[in-house]
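The primary structure of each chain is shown beneath.
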Amino acid sequence: AEVALARPERWRYERAGCTLDCWVMQPYGCEPGQRYPALLNIHGGPHTQYGHNFFDEFQVYAGAGYAVIYTNPRGSQGYGEAFARAVHGDWGGGDFADLMAGLDEALHQCPFIDPERLGVMGGSYGGFLTSWAIGHTHRFKAACSERAVNNVYTLFGTSDIGASFLEAQTGTLPWDDMQWYIDHSPLTYAKHITTP
């Protein structure tokens, strides 16, 4: 009786020849005619997916007065093998474009979201895309990059999954194509970050 649960509303949008899913949860106490801040949440993986599941963190954000936006960009599971593999060698490319298209769809469908008060957050690969986003756009007023991959090169040799995971994801080894690792590291674009 003391808890109010937000119900996600699902929207669809077209990207890369696929129909993708985007969910939006209204903030607690959402009133018609009012605008609310929103959090774009990015899943890790990249080969995982959001769906019709209960996610306690999203309920906490909605309860705190935020709209919650989440989607499945390129690399996510659930849309076929080719879509999941499309992120290989393209971290920060099509996946980032898909996220921004999902955000635009949410803003189009939900007039209660204030486009001037957007936050972005995610962990692991979601942290990578969070850090990537704020190095490539100034749309967000705040970011929370959790457990992030900010330097792909150092992930290779210093994490428990780095060597085997990154070779599969990139198609190359750091000593064979160092430039790929530099170009696809959010750290490279840190000089462009103004988002706290």
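About the cut-offs
- Residues numbered from 1 in each chain as written.
- Predicted model: local features only at pLDDT ≥ 70, side-chain atom pairs only at ≥ 80, totals over all residues.
- Heavy atoms only, no water.
- Core = buried A, V, L, I, M, F, W, Y, C linked by side-chain atoms within 4.5 Å.
- Buried < 20%, exposed > 50% of the residue type's maximum accessible area, 1.4 Å probe, protein only.
- Contact = heavy atoms within 4.5 Å.
- Phe/Tyr/Trp six-rings, centres within 6.5 Å; stacked < 30°, edge-to-face > 60°.
- Helix = DSSP H or I, 4+ residues; strand = E, 2+ residues; numbered from the N terminus.
- Salt bridge = Lys/Arg side-chain N within 4 Å of Asp/Glu carboxyl O.
- Pairing = 2+ DSSP bridges.
- Axes fitted to C-alpha atoms, helices over the stretch in contact; angles between N-to-C directions.

Our focus in this paragraph is the nonpolar core. Among the nonpolar cores identified, the biggest contains 44 residues, and Ile69, Trp91 and Ile113 are the most heavily contacted of them. Other than its neighbours up to four places away in sequence, Ile69 contacts Cys22, Trp23, Val24, Ala38, Leu39, Leu40, Asn41, Leu103, Ala106 and Ile113. Core analysis: the next-biggest nonpolar cluster, separate from the first, contains 11 residues, Trp23, Tyr50, Phe58 and Met121 among them.

One pass over the structure, following the stated rule, counts 16 aromatic pairs. An angle of 45 degrees between the planes, with centres 4.6 Å apart, marks the rings of Phe58 and Tyr70 as tilted. Here Tyr70 lies in strand β4 (residues 67–71) and Phe58 lies in helix α1 (residues 56–63), a separation of 12 residues in the sequence. Given a relative accessible area of 3%, Phe58 falls into the buried group. With 5.2 Å between their ring centres and 55 degrees between their planes, Tyr79 and Phe83 make a pair best called tilted.

Inspection of the entire model under this criterion finds 7 salt bridges. Among the ionic pairs, Arg117 bridges to Asp114, the shortest N-O distance being 2.9 Å. Classification of Arg117 by relative accessible area gives partly exposed; the value is 37%. Using a relative accessible area of 14% as the deciding quantity, one classes Asp114 as buried. Linked by salt bridges that have partners in common, Arg10, Arg12 and Asp21 make up one network.

The next point concerns the sheet that holds β4. Within a sheet, adjacent strands bond to each other through the backbone by hydrogen bonds, running parallel or antiparallel. As summarised here, the arrangement of the 6 strands in space is β1-β2-β4-β3-β5-β6, forming an open sheet in which the pairing is mixed. What marks the edges here is a single partner per strand, and that holds for β1 (9–15) and β6 (142–146). Adjacent strand axes in the sheet meet at a mean angle of 25 degrees, parallel and antiparallel pairs treated alike. Of the strand pairs in this sheet, strand β3 (residues 36–42) and β4 are connected by 4 bridges, and their pairing is parallel. Across the sheet, the residue bridging to Ala38 is Ala67, located in β4.

Right, let's talk about the pairing of β1 for a bit. Pairing between β1 and strand β2 (residues 18–25): 7 bridges, direction antiparallel. Note that in β2 the partner of Arg15 across the bridge is Cys18.

Before going further, it helps to spend a moment on the environment of Phe54. The topology assignment puts Phe54 in the loop between β3 and α1. For the pair Phe54 and Ala6, spaced 48 residues apart in sequence, the C-alpha separation works out to 9.9 Å. Once residues lying within four places of it in the same chain are set aside, the contact partners of Phe54 are Leu5 and Gln59.

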